[in-house]
Amino acid sequence: MADGQTLPLDAPAIRALRAESPKTRARDFAAAHGLTEAALVAAHIGHGTVAIDATPDRLFPLIRDLGDVLALTRNESCVHERRGTYSDYRGGPHAAMVLDPEIDMRIFPSHWLHGFAVEETAADGTVKRSLQVFDAAGDAVHKVHLKPESDAAAFARLVDALRLPEQQAERSYEARKPVEPAKAAPDRAAALRADWDRMTDTHQFLKLVKAQKMNRLGAYRVAGAPYAVALEPRAVTETLTRAAEERVPVMIFVGNMGCIQIHGGPIERVVPMGPWINVMDPRFNLHLRSDHIAEVWCVNKPTRTGAAISIEAFDAEGGLILQIFGYRKDTPADAWNALAHSLPRLEAVPA
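Residues numbered from 1 in each chain as written. Predicted model: local features only at pLDDT ≥ 70, side-chain atom pairs only at ≥ 80, totals over all residues. Heavy atoms only, no water.

This part takes up the sheet that holds strand β15 (residues 284-289). Pairing is antiparallel across the open sheet formed by nine strands, whose spatial order is β1-β7-β8-β9-β2-β3-β15-β14-β13. At either margin of the open sheet sits one strand with a lone partner, and together these are β1 (49-52) and β13 (270-273). Here the average twist between neighbouring strands, direction ignored, is 15 degrees. Pairing geometry for strand β3 (residues 78-84) and β15, over five bridges, is antiparallel. Of the residues in β15, the one forming a bridge with E81 is N285. The sheet contacts of helix α5 (residues 152-162) involve β1, β7 (114-121), β8 (127-134) and β9 (140-146), and relative to β8 the element is tilted by about 40 degrees. (Pairing = 2+ DSSP bridges. Helix = DSSP H or I, 4+ residues; strand = E, 2+ residues; numbered from the N terminus. Axes fitted to C-alpha atoms, helices over the stretch in contact; angles between N-to-C directions. Contact = heavy atoms within 4.5 Å.)

Quick look at the structure:
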């Protein structure tokens, strides 16, 4: 939707259409009707939905009081769901974190713009409560779903504390920013590799490649082995399957412009279902569209404590879908490194 355009449907029309298709996933329903997902949620303001302040420094201390909940972060190709408590929030205007042992997040507050508290009554009378935050384009940044064990009274207090003075359903959204395609500078390959060798922390990587006029995917294509090795697209499915079978603990990063959510530890049950590859564990679920994977790289970054080896998947536009690292906390890296280095390599490296 272009910046400043009015919605193609007004709020009552959206609610009426939604009532006819209550079981359709919100994201799919919105796309089918030319809406942003935020517009679909906003249309229900006054009908179970309240617009709230989405500023993380105000929101997260109150989310902590909800107790055990489901945290959900997604992008177009992957959904990351983790049960836990938001017990250790560390705020900031430009970047923030949640460092709970189960819910582990990196937060970029400038993208937390449209916030809603939602109460929906299911056909069986069950009340479902959630907090949903969207960016300037109306795309989901992060959602918190309450479970039966969660504190409903704390949810009510949160809504009272963060309710916005204006509760308008109609609002405008910016055009979605396109994904930056691979940005490579082959003439800078030697300088890139020299800087890469000097890394002592994985967090230095993006600044490093930007200095060389590249982005993440472009740098992988230019650096080549042993820094970055192209793998077959099926390598991600094999990574998840073998990590479960061989009991190799992993860290799985899934994010969007406003949020990165991380699972750290073992995975147990990997279930393929059509194009979806799913991790279906009691406290962690992952849903990955394997048919969206266009490139996979095994990446080796030096750190002070040894090599950080990751498996990273990208879509056809060059967008990062997910990253998988070995779980390094109190766990030797040998099993993960052996798994990563044994994955099927791609014969023809993308250019």
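Don't stop here, the text continues.
Mapped onto the secondary structure, T49 falls in strand β1. Residues within four places of T49 in sequence aside, it is in contact with V41, H44, F116, A117 and V118.

Here we come to the packing of helix α4 (residues 56-64) against α5. The angle between the axes and the distance between the axes are what describe a pair of packed helices. Relative orientation of the contacting elements α4 and α5 amounts to 165 degrees, with a least axis distance of 9 Å. The angle between α4 and α5 places the two elements in the roughly antiparallel class. As for the relative orientation of α4 and α5, their crossing is right-handed in sense. Contacts between α4 and α5 involve R58, L59, L62 and I63 on the former and, on the latter, L158, A161 and L162. Residue composition of the contact of α4 with α5, by class: six nonpolar, no polar and one charged. (Parallel < 35°, antiparallel > 145°, perpendicular 65-115°, else oblique. Left-handed = near helix turned anticlockwise from the far one by under 90°. Nonpolar A, V, L, I, M, F, W, Y, C, P; charged D, E, K, R; others polar.)

Okay, the nonpolar core next. Counting residues in each nonpolar core, the largest one holds 31 residues, and the members touching the most others are V236, I252, I311 and L322. At five residues, helix α9 (residues 235-245) tops the list of elements feeding residues into this core. (Core = buried A, V, L, I, M, F, W, Y, C linked by side-chain atoms within 4.5 Å. Buried < 20%, exposed > 50% of the residue type's maximum accessible area, 1.4 Å probe, protein only.)

A word on the pattern of salt bridges. By the definition in use, this model includes 21 salt bridges. Where E76 meets R27, a salt bridge forms, and the shortest distance between an N and an O atom there is 2.8 Å. Of the two residues, E76 is situated in the loop between β2 (69-74) and β3 and R27 in helix α2 (residues 26-32); the sequence distance between them amounts to 49 residues. Here E76 falls in the exposed class, since its relative accessible area comes to 53%. A salt bridge links E238 to R234; the nearest nitrogen and oxygen atoms lie 3.7 Å apart. For E238, a relative accessible area of 24% translates into the label partly exposed. (Salt bridge = Lys/Arg side-chain N within 4 Å of Asp/Glu carboxyl O.)

On to the side chain of D53. Residue placement: D53 occurs in the loop between β1 and α4. Judged by relative accessible area, D53 falls into the buried class, the value being 17%. For D53, the side chain forms a polar contact with the side chain of T55, separated by 2.6 Å. Setting aside anything within four residues of it in sequence, one finds D53 in contact with R58, L59, L162 and L164. (Polar contact = N/O pair within 3.5 Å; in protein donor to acceptor, adjacent residues only side chain to side chain.)

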